[in-house]
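As a plain string of letters, each chain reads:
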Amino acid sequence: MTAIALDAMGGDDAPRATVEGALEAAAAGVEVVLVGDSEVLGRELNRLGVRGGGAQANVRIVHAPDQVAMGDHAAREVRRQRETSLYVGMELVKSGDASALVSMGNTGAAMATALVVLGRLKGVERPALGAVIPAGDGQVLFFADLSVLSWQEMTAAVAFMPTRKPAEIRPEAAALVL
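Computed from a predicted model, the values in this text were never measured in an experiment.

1. Let's talk about the sheet that holds strand E1 (residues 4-7)
Sheet architecture is open: four strands sit in the order E3-E2-E1-E4, paired in parallel fashion. Of all strands in the sheet, those with a lone pairing partner are strand E3 (59-63) and strand E4 (100-102), marking the two edges. The sheet shows a mean angle of 30° between the axes of neighbouring strands, taken without regard to direction. With four bridges joining them, E1 and strand E2 (residues 32-36) adopt parallel strand pairing. Each bridged residue has a counterpart across the sheet, and for Ile4 the counterpart in E2 is Val32. Where helix H4 (residues 85-95) meets the sheet, its contacts fall on E1, E2, E3 and E4, and the angle it forms with E2 comes to roughly 145°.

Written out as structure tokens, the structure reads:
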């Protein structure tokens with residue numbers, strides 16, 4: 001199983017909420033890498049009674065001494081700080097030590113960090129944000145913020161999905177049923 005890196009310092013009520021969520025995911029069998037200040041994260045794990053074994057076997061910490069605050073300027077922080085939880089987590093994805101990075105923190109900084117560390121996919125000019133939402137009957141709905149794209153660009157953005165046709169895109173909601 002490949003781990004999911006979690007920006008444990010980002011978002012509302014972090015690290016309390018992020019660590020609690022990581023433990024829930026670990027209990028369900030997901031390997032989670034908490035990325036952030038190891039001292040702070042260790043205290044949070046101790047507060048929750050984590051002393052080893054059980055679900056905690058699927059949780060480990062990778063130290064990142066800095067973090068990007070919600071009010072920080074995204075591009076400036078990415079250029080200046082290479083030891084933020086976002087940057088270190090993205091490096092884990094790049095190296096293959098994690099299959100994804102999840103952050104509830106500064107969205108602009110997460111996008112900028114992904115571009116700096118991972119680069120762009122060939123043929124992708126502008127990144128988009130997306131979310132997968134259960135749609136019932138075992139299907140999921142993928143919502144993407146494609147508002148900056150033309151209809152042609154939006155259609156091309158999902159062309160890599162061979163089981164879907166551009167006609168299945170609903171432009172009024174920028175949604176695609178997968």
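2. A short note on the packing of H4 against helix H5 (residues 107-118)
Relative orientation of the contacting elements H4 and H5 amounts to 45°, with a least axis distance of 9 Å. With respect to their mutual orientation, H4 and H5 come out oblique. Considering the relative orientation of H4 and H5, their crossing is right-handed. Of H5, the residues touching H4 (which contributes Leu86, Tyr87, Met90, Glu91, Val93 and Lys94) are Ala109, Ala110, Thr113, Ala114, Val116, Val117 and Leu118. Its residues assigned to classes, the contact of H4 with H5 shows ten nonpolar, one polar and two charged.

3. Quick word on the pattern of salt bridges
Under the defined criterion, the tally for this structure stands at five salt bridges. Between Arg16 and Asp13 there is a salt bridge, with its nearest N and O atoms 3.4 Å apart. The exposure class of Arg16 is partly exposed, given its relative accessible area of 34%. The exposed category is assigned to Asp13, whose relative accessible area is 51%. For Arg47, the salt bridge goes to Glu20, with nearest N and O atoms at 3.2 Å. Highlighted residues: Arg47 in helix H2 (residues 38-47) and Glu20 in helix H1 (residues 16-27), separated in sequence by 27 residues. Here the salt bridges share partners, and the residues they tie into one network are Asp13, Arg16, Glu20, Glu44 and Arg47.

4. A few points about unusual backbone geometry
Cis rather than trans, the peptide bond between Ala14 and Pro15 has omega equal to 5°. Among the structural elements, Pro15 can be located in the loop between E1 and H1.

Each value, and the rule that gives it
- Residues numbered from 1 in each chain as written.
- Predicted model: local features only at pLDDT ≥ 70, side-chain atom pairs only at ≥ 80, totals over all residues.
- Heavy atoms only, no water.
- Pairing = 2+ DSSP bridges.
- Helix = DSSP H or I, 4+ residues; strand = E, 2+ residues; numbered from the N terminus.
- Axes fitted to C-alpha atoms, helices over the stretch in contact; angles between N-to-C directions.
- Contact = heavy atoms within 4.5 Å.
- Parallel < 35°, antiparallel > 145°, perpendicular 65-115°, else oblique.
- Left-handed = near helix turned anticlockwise from the far one by under 90°.
- Nonpolar A, V, L, I, M, F, W, Y, C, P; charged D, E, K, R; others polar.
- Salt bridge = Lys/Arg side-chain N within 4 Å of Asp/Glu carboxyl O.
- Buried < 20%, exposed > 50% of the residue type's maximum accessible area, 1.4 Å probe, protein only.

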